Amino acid sequence: MAETVLSFVLRQLSTFLHEEGRLLGGLRREVQFIMDELEQMRAFLREAEAREEDAQPTLQQWIKQVRDTAYDTEDILDDFVARFARHPATGFYGSVRRIFSSIKNLRARHRVASEIQSIKSRIKSISEAHQRYQSEYGISAQASNSLSAVNNTTWRYSRDDALLVEEAKLVGIDQPKKHLISELLEGNDYQLKVVSVVGMGGLGKTTLVKKVHEDPDVRRHFPVRAWVTVFQTCDFQDLLKDLIWQLHREGKKPVPQLIESLNITELKKFVKDFLQQAERYAIVFDDVWDVEFWNTIKFALPESSRGNRVMLTTRKADVASASCTESLGYIHRMEPLSFEDSWTLFCNKIFKGNSCPGHLMDVAKGILDKCEGLPLAILAISGLLALKDVNRAEEWEMVRRSLGGELEGTGKLDRVKKILSLSYSDLPWHLKTCLLYTSIYPEDYEIQCERLINLWIAERFLEWRGGMSIEDVAWGYLSELVNRSLIQVTRVFYEGIPDTCRIHDLLKEVIVLKSREQNMVTVTTGQPTMWPSDKVRRLVVHSSSSNNTQHQQQQRQNYCIDHLRSFITVGSTDPLLFKMWISEISRNSKLLKVLDLRGQEEIPNEIFNLFHLKYLNLHGTRVERIPKAIGKLQHLEFLDLRNTRVRELPMEIVKLQKLRFLRVYQQVDSSDDDYGSLGFKAPSNMGGLLALEVLLRIDASSGSTIIKEIGKLTQLRELGITNLRREDGKELCSSLANLTSLRELIVQSIGKGDDHEIIDLNHPSLSSSFLRSLRMLVLRGRLEKMPQWVAHLHGLVRIDLDWSGLRGEEDPLESLQHLPNLGEINFCGSYQGEGLCFKAGGFLMLKGMHLKRMEGLRWMRVEEGALPRLQKLFLEQLPSLEELPMGIQHLIKLQRLTLYEMSSQLREKLLENQKEESEDYTKIAHIPEILIGYYTDDGEWRRHSLWEEKKKKTLGCIKIY
C-alpha cells in the first residue's frame, strides 16, 4: 500500500520541480536526490507489501517509514510554495512588505533547508534497509516490475465484451425467489407477517429481496410498498422521514411539512396512522444491524387485518430471530451458490456465457473452488481474470497460487475479504488510489459519479494521456473500476454515462481498512476514535446529530490538521460543529487543496485566503456573495456555486487563470425543471478565463459584449447560457463557431414557459468542428424554425426542445430523423401542430423519447421501419391525443410505454379494453410494461393495478399509477 502512496507523491514532486523548482535555488539538488532514492525503492515495494501480513515487524516498519517520508516531503515542499510563491506587491507599501518578507523568507528558507536535510538523512537510512531487505527476501527490482499491474492503457483496450456482461443475469435465485413470494402472498391475512433473509455479506440477500419486492405478483398484491436501507450507524429520525417520503411518493401525495418538526415518537405515530389508513402494505428494511432497530421500528407498523408484510435482510441471526418471534414470521437462510450455478456465473462474467477453453478448465475450477459459492467473490475474481490473456494459462495459474495462500484463514468473511484484496492488489497504483478514495463516503451511500471524478482530478490522482482531456481520463478510471466489479453503477445519464454508483458493503470494509492503514482518509462520525496517525491529511465529516457535538469537539482536538489537504462534508452537519471545524481549518490548514462544503449553511470568507485551494464546492450552501478575495486563489480549478444565492461574480474572478470548472445557477422553479435555470452575471472581461472547460450558466441579458467574451473560451466542453435576447443570436453563433471542443450546449432565452422570447440561432456561421463535437443540445425558448445546422450534428446523442412552440409547417422531426447517433429526444411544449409522423428509415438509433405539454397534438403515426431501437416512450400531458400512436405495433424493441395525464378518451379505452381480442390490446401486447397515471375530477392521483391471467403470460401487466 505504501507503493500507492509513493507513486502518487513521486508524481506530485515531479510536477513541483517542473512548475515551482525555480523557487528552490540550491535546494533543488537535495529534492532531486530524495526523489531518485524513493524511485529506486518503489519497484521493491509492491512485492514487499504482498508479503506484509506475513512479514517480520521490521519490514512492516520499513514500509511505514517509506510512506511517512514520502508524505512529509510533499508537506515540506507545499509549505515552501505557500511561503514564497506570492504575487509581488507594488508601490511604497509594496517595497516595505518586500523587505519585511525577505527577512521572513530568509528564516523560512533556512528552516526548509534544515527539514530537507532531515528528510535526506531519513532517506539514506531507509535506503540501507532497502538493500538489506532485497537480499533477505530475494526480491529484485526487475522481478517486481514484471508483476506491475495492468498496463496504463488497459482501461481502453481490455476485453470490453467480457467485462460488460450484465450482472442482472443472475443465477441461483429462481427457487428462493419463488419460495419467498409464496411466503409473502400466502398465509394468515389477519396478522402482520415478517420474512427475514439472513446470511453473511456477499451472498446476495439484497439482490434476492429486491427481485421479490419488484415481482409483478407482489406489486399487485401490495399497493403500498417502500424500501428502506438501514445504515449501520443510521439516524433513526431521518430513517422515519425517508419512510414517510416514500409512502407519500407511492401514493402521489405531497409530504406534509410538519414532519420536519416531529420527534421520533411523533414520527412513529405518523407512520402508523398513515399505514392504518392505507391499503395492504409491504415494507423492506435492508441490512439491519441490531435487534434494537427492530424493537424500535415495530411500534410504527400496524398489523391491521389486511395481511401486511415486512421483509428484512440482515447479517445477524439474532436480528432475524427477534423480528420473527412476535409474528407468524419466516426466516430464510441464504446459502452459497451450488458449483453449477457458480460455474454459470463465472463463465457469464468472463466468457460472456460461452464455454471455458479446455486449457483453462482445471485452473478455473481450482479458482472457483476457493470462492466457495459466494457471488461477490466470484464476480470480483472474475473481473480480475477477465483482464488476463486467455491464451496464457500461466497468468491464471499465478492467480490460483496467490489465492491458495490467501484463503487459508478461518471464517468465510475473511476469505472473501482476501479475494477482494487480491482484486485490489492487481490494480495499477493510480486506480488503487482512486478506489481507496471512495472511503470518504458512508456505507450504502449512493455516490454521484461526476462529484467523485472531479474530486479525483482535484486530488491529482490521474495520469495525463496524450490526446485526452483529464475528464475523459477520469471517466476511463471509473469505467475500469466498474468493469472489475469493484464499483456498481446504479443509474446512467445520456450516452450510457454513469450518473450514480455505489460500493458493495463487503468491499467497502476492505477499502476503509486499507485507507486507514495508509492514513489516506480520516472520517469522523461523531464518536471519539483513536486514529493510526495524528497527522490528518484528508478529513471527512459525515452527517451528525447535534447531541454528538461535544464528542466530535473532543475528537477534533486530537487531530493535527496543520498538514490537512482535503476537508469534505457528506450530508448535513450540526451548524455549531461545522462552524468550529471550518474556523480551525481556515486558521491552521494552510496546505488545504480540496474544500467540499456541499449542503452546509454559513460559509466564512476566510476560506478565500487558502492559497493552495484547487477545488471549492459550495453547492447548496447559503452563500450570497463571493468576495473580491477570491482573486487570491491562484490555483483554483473547480468552483461549484449551484443552488446558492450568488447571482453575480466579482471582477477578480478573472484572475483565476487555472479555473477549468465553473457552475453558478439555480432552478427557476424547484418543483419543475421544465422552466430552466437562473444564471449568473459575469464580469465584462470573462473571456480572460482561457482555461475554462465547463461554464454553467452565464446570464446573457446584458447583451452582445458577454456573448463575444464566450467566443474567447476555446477550451469549453460544456456551456450553459440563460436569458439570451433574440438580437444576440447571430453573435452567439459566431462565438460558438470558435468552440471546437464543445460537447454540451444549453441555451435559454429570456422569459418562462410560453412567454419565452424567440431564440434566433438560424445563422450559417457555425464551424464544422463544432458540428462534429456536440453531443447534447438543449434549447429552451421559442423557435420560429429549427436552426438549419441541427440537421448536421452527426455526433448528437441527445436533444431537448422546451417551449419551442414550432408551428405545424415546422415539423421538428424533419431535422432530426436522419442524425446517425441520436439516442434520446425530450420535447416539452415544442410543437403546435396536430400530428407527428415518424417515417420509415428515420431515428435508427433512438432509444428514448419523452413528449410533454403539446396541447394541440391529436395524432401520432409510426411507419414500419421507423424507431427500430426505441425502448422507452413517455407521453405526458397530451390532452388532445385520443388514440394510441398508429403503428405502435411496429416498435418491437419497446420495453416501457408511459402515459401520464392523457385524454380521458384514451385512458378509458385502455382501461376498458382488457380482453385479448380488443384492437388496442393487440397493438401493445408485445410491450412488457405499460404505465398509466391520471388525476381524478377531485384532483387525486389515481393508482390501480389491473391483472388478467392471460395478460400475465403475454403483456405482463398494465399498471395504473
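1. Quick notes on the overall build of the chain
Okay, step 1: When helices and strands are tallied, the chain shows 32 helices and 32 strands.
Okay, step 2: The 961 residues of the chain split such that 56% are buried.
Okay, step 3: Of the contacts made within the chain by residues no fewer than 6 positions apart, 67% connect residues no fewer than 24 positions apart.
Okay, step 4: Counting every atom, the chain has about 41500 Å² of accessible surface; 47% of that belongs to carbon and sulfur.

2. So, helix 12 (residues 264–277)
Okay, step 1: Between its first and last C-alpha, helix 12 extends 20 Å over 14 residues, near the 20 Å set by a 1.5 Å rise per residue.
Okay, step 2: Buried residues of helix 12: Leu267, Lys268, Phe270, Val271, Phe274 and Leu275, and no others. Around the axis of helix 12, the buried residues are gathered within 155 degrees of arc, so they sit on the same side. Those residues of helix 12 that are exposed and angled more than 90 degrees off the buried face are Thr265, Lys269 and Gln277.
Okay, step 3: Lining the buried residues of helix 12 we find strand 2 (224–229), helix 11 (236–250), strand 3 (281–288) and helix 13 (291–297).
Okay, step 4: The opening residue of helix 12, the one whose side-chain oxygen lies 3.2 Å from the backbone nitrogen of Thr265, is Asn263.

3. Comments concerning the pairing of strand 22 (residues 798–802)
Okay, step 1: Along strand 22, five of the five residues are buried, which leaves the element largely enclosed by surrounding structure.
Okay, step 2: Neither face of strand 22 is open: one carries Arg798, Asp800 and Asp802, the other Ile799 and Leu801, and all of them are buried.
Okay, step 3: In terms of strand pairing, strand 21 (residues 776–780) meets strand 22 through five bridges, oriented parallel. Opposite Leu779, over in strand 22, you have Leu801 as the bridge partner.
Okay, step 4: Relative to strand 23 (residues 824–828), strand 22 runs parallel, the two sharing five bridges. Bridge pairing links Arg798 to Glu824 in strand 23.

4. Let's talk about the packing of aromatic side chains
Okay, step 1: All chains considered together, the criterion is met by 15 aromatic pairs.
Okay, step 2: Where Phe346 meets Trp396, the ring centres are 6.4 Å apart and the plane angle is 85 degrees; that geometry is what we call edge-to-face. Of the two residues, Phe346 sits in helix 15 (residues 339–351) while Trp396 sits in helix 18 (residues 393–406), which places them 50 residues apart along the sequence. For the pair formed by Phe346 and Trp396, the shared burial category is buried.
Okay, step 3: In textbook terms, an aromatic cluster arises when at least three aromatic residues are bridged by ring pairs, as seen for Phe339, Trp343, Phe346, Phe351 and Trp396.
Okay, step 4: Stacked on the ring of Phe33, the Lys or Arg Lys120 has its end atom at 4.9 Å from the ring centre.
Okay, step 5: The ring centre of Tyr934 lies 4.0 Å from the NZ or CZ of Arg907, which sits over that ring.

5. Things to note about unusual backbone geometry
Okay, step 1: The step from Leu696 to Arg697 runs through a cis peptide bond, and the omega angle for that step is -10 degrees.
Okay, step 2: Within the secondary structure, Arg697 is located in strand 18 (residues 694–699).
Okay, step 3: Positive phi, normally seen in glycine, also occurs at Phe843, with a value near 55 degrees.
Okay, step 4: Relative to the helices and strands, Phe843 is located in the loop between strand 24 (835–838) and strand 25 (848–852).
Okay, step 5: At Glu901, a residue that is not glycine, the phi angle is positive and equals roughly 50 degrees.

6. A word on the pattern of salt bridges
A side chain of one charge can pair with a side chain of the opposite charge when the charged atoms of the two come close.
Okay, step 1: According to the stated counting rule, one finds 38 salt bridges in the structure shown.
Okay, step 2: Taking the shortest distance from any N to any O, the salt bridge between Arg660 and Glu693 comes out at 3.5 Å. Of the two residues, Arg660 sits in the loop between strand 14 (638–640) and strand 15 (661–663) while Glu693 sits in the loop between strand 17 (677–678) and strand 18, which places them 33 residues apart along the sequence. When sorted by exposure, Arg660 lands in the same class as Glu693, which is buried.

7. Here's the deal with the environment of Arg645
Okay, step 1: Inspection of the secondary structure puts Arg645 in the loop between strand 14 and strand 15.
Okay, step 2: Look at Arg645 and you get partly exposed, because its relative accessible area is 46%.
Okay, step 3: Along the primary structure Arg645 and Gln666 are separated by 21 residues, whereas in three dimensions their C-alpha atoms are 8.1 Å apart.
Okay, step 4: Setting aside chain neighbours within four positions, we find Arg645 in contact with Arg622, Val623 and Glu624.

8. Examining the pairing of strand 27 (residues 872–876)
Okay, step 1: As paired elements, strand 25 and strand 27 share five bridges and run parallel to each other. Counted as the bridge partner of Gly848 is Lys872 from strand 27.
Okay, step 2: Where strand 27 and strand 28 (residues 896–900) come together, five bridges link them in parallel fashion. In the sheet register, Leu873 faces strand 28, and the bridge partner there is Leu897.

9. As for the sheet that holds strand 3
Within a sheet, each strand pairs with its neighbour through backbone hydrogen bonds, oriented either parallel or antiparallel.
Okay, step 1: Within the open sheet, the five strands sit side by side as 2-3-4-1-5. Their pairing is parallel. Strand pairing shows two members of the sheet lacking a second neighbour, strand 2 and strand 5 (330–333), which therefore form its edges. Each adjacent strand pair in this sheet contributes to an overall mean axis angle of 15 degrees, direction not counted.
Okay, step 2: Sheet topology places strand 2 next to strand 3; six bridges connect them, and they run parallel. Across the sheet, the residue bridging to Ala226 is Ile283, located in strand 3.
Okay, step 3: Of the strands in this sheet, strand 2 and strand 3 touch helix 11, which is tilted by about 150 degrees from strand 2.

10. Side note on the sheet that holds strand 7 (residues 488–492)
Okay, step 1: Taken together, three strands build an open sheet; the order of strands is 6-8-7 and the sheet is antiparallel. Of all strands in the sheet, those bounded by a partner on one side alone are strand 6 (447–448) and strand 7.
Okay, step 2: Relative to strand 8 (residues 498–502), strand 6 runs antiparallel, the two sharing two bridges. Bridged to Gln448 within strand 8 is Thr500.

11. Section: helix 16 (residues 361–371)
Okay, step 1: Within the sequence span of helix 16, burial applies to Val363, Ala364, Gly366, Ile367, Leu368 and Cys371.
Okay, step 2: Downstream of helix 16 by one or two residues, Glu372 has phi in the positive range, about 50 degrees.

12. Let's talk about the packing of helix 21 (residues 449–458) against helix 22 (residues 470–483)
Okay, step 1: Contact pair helix 21 / helix 22: the axes reach a minimum separation of 10 Å and the direction vectors enclose 115 degrees. Handedness of the helix 21/helix 22 crossing: right-handed. Packed against helix 21, whose contacting residues are Cys449, Glu450, Leu452, Ile453, Trp456 and Ile457, the element helix 22 presents Ile470, Glu471, Ala474, Trp475, Tyr477, Leu478 and Leu481 at the interface.
Okay, step 2: Per-class residue counts for the contact of helix 21 with helix 22 are 11 nonpolar, no polar and two charged.

13. Notes on the confidence of the model for the chain
Okay, step 1: Across the chain, the average pLDDT comes to 80, with 82% of residues at or above 70.
Okay, step 2: Under a pLDDT of 50 for its full length, residues 140–168 has, in the predicted model, 55 contacts with residues more than four places off or in other chains.
Okay, step 3: Predicted confidence is poor over residues 527–533, with pLDDT under 50, and the contacts of this stretch with residues over four places away or in other chains come to 13 contacts.

14. Describing the environment of Gly781
Okay, step 1: With respect to the helices, strands and loops of the structure, Gly781 is situated in the loop between strand 21 and strand 22.
Okay, step 2: Considered as a pair, Gly781 and Ile759 are 22 residues apart in the sequence and their alpha carbons are 6.1 Å apart.
Okay, step 3: When near neighbours in sequence (up to four residues on either side) are disregarded, Gly781 contacts Ser749, His756, Glu757, Ile759, Asp802, Trp803 and Ser804.

15. Describing the packing of helix 20 (residues 429–437) against helix 22
Okay, step 1: Contact geometry for helix 20 and helix 22: axes closest at 11 Å, N-to-C directions at 80 degrees. Classified by the interaxial angle, the pair formed by helix 20 and helix 22 is roughly perpendicular. Across from His430, Leu431, Cys434 and Leu435 in helix 20, the residues of helix 22 making contact are Tyr477, Glu480 and Leu481.
Okay, step 2: In the contact of helix 20 with helix 22, the residues fall into five nonpolar, one polar and one charged.

16. Side note on the side chain of His635
Okay, step 1: Its location among the elements puts His635 in the loop between strand 13 (615–617) and strand 14.
Okay, step 2: Assessed through its relative accessible area of 10%, His635 is described here as buried.
Okay, step 3: A distance of 3.2 Å separates the side chain of His635 from the side chain of Lys658, its partner in a polar contact.

17. Brief notes about the state of the cysteines
Every disulfide links exactly two cysteines, by a covalent bond between their sulfur atoms.
Okay, step 1: With the rule as written, the count across this model stands at zero disulfides.
Okay, step 2: The closest cysteine sulfur to the non-disulfide-bonded Cys356 is located on Cys347, 5.7 Å from its own sulfur.

Parameters at a glance
Residues numbered from 1 in each chain as written. Predicted model: local features only at pLDDT ≥ 70, side-chain atom pairs only at ≥ 80, totals over all residues. Heavy atoms only, no water. Helix = DSSP H or I, 4+ residues; strand = E, 2+ residues; numbered from the N terminus. Buried < 20%, exposed > 50% of the residue type's maximum accessible area, 1.4 Å probe, protein only. Contact = heavy atoms within 4.5 Å. Areas by Shrake-Rupley, 256 points an atom, 1.4 Å probe, with all protein chains shown as cover. Expected span 1.5 Å × (residues − 1). Arc of directions from axis to C-beta. Polar contact = N/O pair within 3.5 Å; in protein donor to acceptor, adjacent residues only side chain to side chain. Pairing = 2+ DSSP bridges. Phe/Tyr/Trp six-rings, centres within 6.5 Å; stacked < 30°, edge-to-face > 60°. Lys NZ or Arg CZ within 6 Å of the ring centre and 35° of its normal. Salt bridge = Lys/Arg side-chain N within 4 Å of Asp/Glu carboxyl O. Axes fitted to C-alpha atoms, helices over the stretch in contact; angles between N-to-C directions. Left-handed = near helix turned anticlockwise from the far one by under 90°. Nonpolar A, V, L, I, M, F, W, Y, C, P; charged D, E, K, R; others polar. pLDDT = per-residue confidence, 0-100. Parallel < 35°, antiparallel > 145°, perpendicular 65-115°, else oblique. Disulfide = S-S within 2.5 Å.

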